[in-house]
Amino acid sequence: MEIKRIGSREVYRSRWMTLREDEITRPSGYQGIYGVVEKRDFAVIAAVDGEQIYLVEQYRYPVAERFWELPQGSCESARLTPEELAATELREETGLQASQMLHAGHLFLAYGFCTQGYDIFLATDLTQGPTQLEPEEEGLICQPFAIAEVERMILDGEIRDATTVAAFGLLRMKGLL
């Protein structure tokens, strides 16, 4: 083991996350502190209908701005499979249901300080229904965009959500978009 935990204390806990501070020692004997955010994994969904892909726009409190991004989210209360979580988040945020849901990969959000990862799904064969927004998603807007337009938005810096950029790029590299 490259880094050994020799002690740990919980600094903060909420229904969404836990922050702990670990005392660590490295192979050289150097001792230090490592802050770790523990969060459940989430799903990000590229819902594609022909040459269009659905994005959602919502206010992101930590950066005090609204941004377009792929639908994404986690469930703090229930244990769902990644596929169930993706279907639930897609339905809640967009009202869409997908007959086809392809798992494209799993990435980590920020493994330098956080345990959270995310599963990327391509949703196709879509049927529109009503959204089921949670109170935390108040003001969320859903809209389809041309895939080429989303690529332009990423390149021009209009879309700045790292998860959306990474998922879009992985799906492009796999030839799925």
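In this text the structure is predicted, and so the values were computed from the model without any measurement.

1. Concerning the nonpolar core
The biggest cluster of nonpolar side chains holds 22 residues, and the ones touching the most others in it are Ile53, Leu55, Leu70, Ile120, Val150 and Ile159. In contact with Leu55, other than residues within four places in its own chain, are Trp68, Glu69, Leu70, Ile141, Cys142, Gln143, Phe145, Val150, Met153 and Ile159. With eleven residues, the next largest nonpolar core counts Ala47, Tyr54, Leu85 and Leu126 among its residues.

2. Overview of the environment of Ala86
For Ala86, the position within the fold is in helix H1 (residues 82–94). Judged by its relative accessible area of 0%, Ala86 falls in the buried class. Sequence separation between Ala86 and Leu19 is 67 residues; the distance between their C-alpha atoms is 26 Å. For Ala86, the residues in contact, after removing those within four places along its chain, are Ala43, Ile45, Met101 and Phe121.

What counts, and where the lines are drawn
Residues numbered from 1 in each chain as written. Predicted model: local features only at pLDDT ≥ 70, side-chain atom pairs only at ≥ 80, totals over all residues. Heavy atoms only, no water. Core = buried A, V, L, I, M, F, W, Y, C linked by side-chain atoms within 4.5 Å. Buried < 20%, exposed > 50% of the residue type's maximum accessible area, 1.4 Å probe, protein only. Contact = heavy atoms within 4.5 Å. Helix = DSSP H or I, 4+ residues; strand = E, 2+ residues; numbered from the N terminus.

Interpretation in functional terms is not warranted from these geometric data alone.
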